Amino acid sequence: MTEISDDILAAIEQAIGPAGAPVPLHEPEFGAADRTAVQDCLTSGWVSSAGPYVERFEEALAEVTAARHVVAVVNGTAALHICLRLAGVRPGDEVLMPSLTFVASANAVSYCDAVAHFVDSDPERLAIDPDALAAYLETVCEDTPEGTVNRMTGRSIRALLAVHVLGVPADMAALQELAAHYRLALVEDAAESLGSYFAGRHTGTFGIAGALSFNGNKVITTGGGGAVLIDDSEIAAYARHLTTTARREGGVGFVHDEVGFNYRLPGLNAALGRAQLDSLGDQLARKRKLAERYRAAFGSVDGATLVAEPADGSSNHWLNGVMLDAADPMLRDQVIETTNAAGYLTRPAWTPMHLLPMYRDCPRMALPGAERIFASLLCLPSSARLAAA
Ligand SMILES: *Cc1c(COP(=O)(O)O)cnc(C)c1O
């Protein structure tokens, strides 16, 4: 009926070949080395967080990301919760974060009994729009001896949470500058961006702490898992403490000095993660090739534009996104239905947080960019194996 649905379907088919069975959005890949690693862990008996597997995984992650310290945890959401705690977010504080993100980013703020304060996103980059944010902060922020305060609500604005959406790196230079100017702790949700860089530096390493996720749909997986990237040694030691029930080391008994969390990653998951990391480079190369195929195929589609890799960074191409020129949710859903019916499993962006019932009343700036992305974005099947078609 509408040409654009047919054109997009044809472009997907051209890029990845015919859909035999339904083609998922993103599938994990496991090889013989993954099976051997998990078997080895089972044989050793070190399936929980104690033992050598977690440390080996953390060391390998530190090497890949060039983070000085890595603390592996049970999932990306727990990693975000810990990042915010490390940033000094306290009950009643506000955290600036994009409305256009996965719900885990906002939930992590709520777990700190803090308040999400939603800021707008740039439709080209899908991440926080630094220019719009700068203009907004000028109107909303009040400089006080205790730090920056929201002049509308009277609450402290403690932190700025950047999110790298679909693997596209956010403009970290601009966000670092704003965070420094307003004395905000900078933290990053790099759950989707393992292997993505801004200005040659790995995402998740620009602020006090950054969160990675190894959920089954991410670039590499540990089944469930996450990690916190940290530069400062003392902060890293505190992260280990907080994620292992805040138990004091040394001595024979059980002494805990605050309410901690049981957030450390089990060895069984870490063993899988260590093996998965060995295939990261190969996987990223294939994902880049797939993104190039989509780019070639979508070159001739009128009315839709692929999300581009920014000039100042590199994307892991976790999910390929395409923006319809029209901000029309009905058209978006029609394209999704047409492609799904043909066996290509596409999906829209997340519903922006300010439209969800539990976050509806949070403070926010005008959010035209987030609403535009929500109305126009589709995510395309993006497993690395599709590059082999
Ligand atoms: C996956 C994801 C998370 C949460 O990670 P889990 O490991 O599923 O808890 C957080 N933020 C974003 C943007 C994500 O994509």
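Attention in this report is confined to the structure presented alongside it. Remember, predicted model here, so these are calculated numbers, not experimental data.

**Observations concerning helix α2 (residues 32–44)**
- Compared with the 18 Å implied by 1.5 Å per residue over 13 residues, the 18 Å span of α2 between its first and last C-alpha is a close match.
- When α2 is considered as a whole, its buried residues turn out to be D34, A37 and C41. Within α2, the buried residues cover an arc of 65 degrees as seen down the axis, which keeps them to one side. Exposed positions of α2 whose direction lies more than 90 degrees from the buried face are A32, R35, T36 and T43.

**Quick look at the environment of P352**
- Inspection of the secondary structure puts P352 in the loop between β15 (347–348) and α12 (368–376).
- Those residues within four positions of P352 in sequence are excluded, and the remaining contacts are S99, L100, A370 and F374.

**Details of the sheet that holds strand β12 (residues 304–306)**
- Sheet architecture is open: four strands sit in the order β12-β14-β16-β15, paired in antiparallel fashion. In this open sheet, the two edge strands, each paired with only one partner strand, are β12 and β15.
- In this sheet, strand β16 (residues 377–380) lies alongside β15 in antiparallel orientation, the contact comprising two bridges. The partner of R347 across the bridge, within β16, is C379.
- This element, helix α10 (residues 280–298), spans β12, β14 (320–324) and β16 of the sheet and lies at about 25 degrees to β14.
- Sitting on the sheet, α12 touches β14 and β16, and the angle it makes with β14 is about 100 degrees.

**Topic: the state of the cysteines**
- Applying the stated criterion across every chain yields a total of zero disulfides.
- Here C83 stays unpaired: no disulfide links it, and the sulfur of C112, its closest cysteine neighbor, is 10 Å away.

**A look at the site of the ligand**
- As a matter of local geometry, the ligand sits amid 14 residues, with G76, T77, D189, E192 and K218 nearest to it.
- Between the ligand and G76, the relevant distance is 2.7 Å, taken from an oxygen atom to a main-chain nitrogen or oxygen of the residue.
- Its free accessible area being 380 Å², the ligand has 92% of it covered by the protein chains.
- Here the shell around the ligand gets three residues from one element, more than from any other, and that element is helix α4 (residues 76–86).
- Within the shell around the ligand, the residues separate by chemical class into five nonpolar, six polar and three charged.

**Regarding the packing of aromatic side chains**
- Counted by the stated rule, this structure contains five aromatic pairs.
- Between F118 and Y359, the aromatic rings sit 6.2 Å apart at their centres with planes inclined by 85 degrees, giving edge-to-face as the arrangement. Here the residue F118 occupies a position in strand β3 (residues 115–119), and Y359 occupies one in the loop between β15 and α12, the gap between them amounting to 241 residues.
- A relative accessible area of 4% places Y359 in the buried class.
- The ring of F254 has R247 sitting right over it, with the charged end atom 3.9 Å from the ring centre.
- Over the ring of F374 we find R332, and its NZ or CZ is 4.9 Å from the ring centre.

**Details of α4**
- Within α4, nine of the eleven residues are buried, which leaves the element mostly enclosed by the surrounding structure.
- G76, A78, A79, L80, H81, I82, C83, L84 and L86 are the residues of α4 that are buried.
- Directly beyond the C-terminal end of α4, a positive phi value near 85 degrees is found at G88.

**Side note on the pairing of strand β4 (residues 141–144)**
- Bridge analysis of β4 against strand β5 (residues 147–150) gives four bridges, and the strand direction is antiparallel. Counted as the bridge partner of E142 is V149 from β5.
- The hairpin turn running from β4 into β5, its antiparallel successor, is two residues long.

**As for the side chain of T148**
- Tracing the backbone shows T148 in strand β5.
- Its relative accessible area of 4% is what places T148 among the buried residues.
- Polar side-chain contacts of T148 include one of 2.6 Å to the backbone oxygen of Y182.
- Those residues in contact with T148, other than ones at most four positions away along the chain, are C141, E142, R155, S156, I157, Y182 and L184.

**As for a negative patch on the surface**
- There is a patch of like negative charges on the surface, built from E3, D6, D302 and D325.
- Along the chain, the position of E3 falls in helix α1 (residues 3–16).

**Describing a nonpolar patch on the surface**
- The grouping of L42, V47 and L268 at the surface amounts to a nonpolar patch, some 210 Å² of accessible area in total.
- Along the chain, V47 turns up in the loop between α2 and α3 (52–65).
- For V47, a relative accessible area of 31% translates into the label partly exposed.

**A word on the pattern of salt bridges**
- Taken as a whole, this structure holds 14 salt bridges when the rule is applied.
- D282 is the salt-bridge partner of R286, the closest N and O atoms lying 3.1 Å from each other. Of this pair, R286 and D282 are both found in helix α10, four residues apart, which corresponds to roughly one turn of the helix.
- On the basis of relative accessibility, which here comes to 45%, the residue D282 falls in the partly exposed class.
- Within this structure, E29, D282 and R286 form a network of salt bridges that share partners.

**Brief notes about the packing of α1 against α10**
- The geometry of α1 relative to α10 is characterised by a closest axis approach of 8 Å and an angle of 140 degrees between their N-to-C directions. Here α1 is positioned oblique relative to α10, judged by the angle of their axes. Crossing of α1 against α10: the hand is right-handed. Across the interface between the two elements, I8, A11, I12, Q14, A15 and I16 from α1 touch L290, R293, Y294, A297 and F298 from α10.

Cut-offs applied
- Residues numbered from 1 in each chain as written.
- Predicted model: local features only at pLDDT ≥ 70, side-chain atom pairs only at ≥ 80, totals over all residues.
- Heavy atoms only, no water.
- Helix = DSSP H or I, 4+ residues; strand = E, 2+ residues; numbered from the N terminus.
- Expected span 1.5 Å × (residues − 1).
- Buried < 20%, exposed > 50% of the residue type's maximum accessible area, 1.4 Å probe, protein only.
- Arc of directions from axis to C-beta.
- Contact = heavy atoms within 4.5 Å.
- Pairing = 2+ DSSP bridges.
- Axes fitted to C-alpha atoms, helices over the stretch in contact; angles between N-to-C directions.
- Disulfide = S-S within 2.5 Å.
- Near = heavy atom within 4 Å.
- Polar contact = N/O pair within 3.5 Å; in protein donor to acceptor, adjacent residues only side chain to side chain.
- Areas by Shrake-Rupley, 256 points an atom, 1.4 Å probe, with all protein chains shown as cover.
- Nonpolar A, V, L, I, M, F, W, Y, C, P; charged D, E, K, R; others polar.
- Phe/Tyr/Trp six-rings, centres within 6.5 Å; stacked < 30°, edge-to-face > 60°.
- Lys NZ or Arg CZ within 6 Å of the ring centre and 35° of its normal.
- Patch = residues over 30% accessible without salt bridge, like charges linked within 9 Å, V, L, I, M, F, W, Y side chains within 5 Å.
- Salt bridge = Lys/Arg side-chain N within 4 Å of Asp/Glu carboxyl O.
- Lys, Arg positive; Asp, Glu negative; His and termini not counted.
- Charge placed at Lys NZ, Arg CZ, Asp CG, Glu CD.
- Parallel < 35°, antiparallel > 145°, perpendicular 65-115°, else oblique.
- Left-handed = near helix turned anticlockwise from the far one by under 90°.

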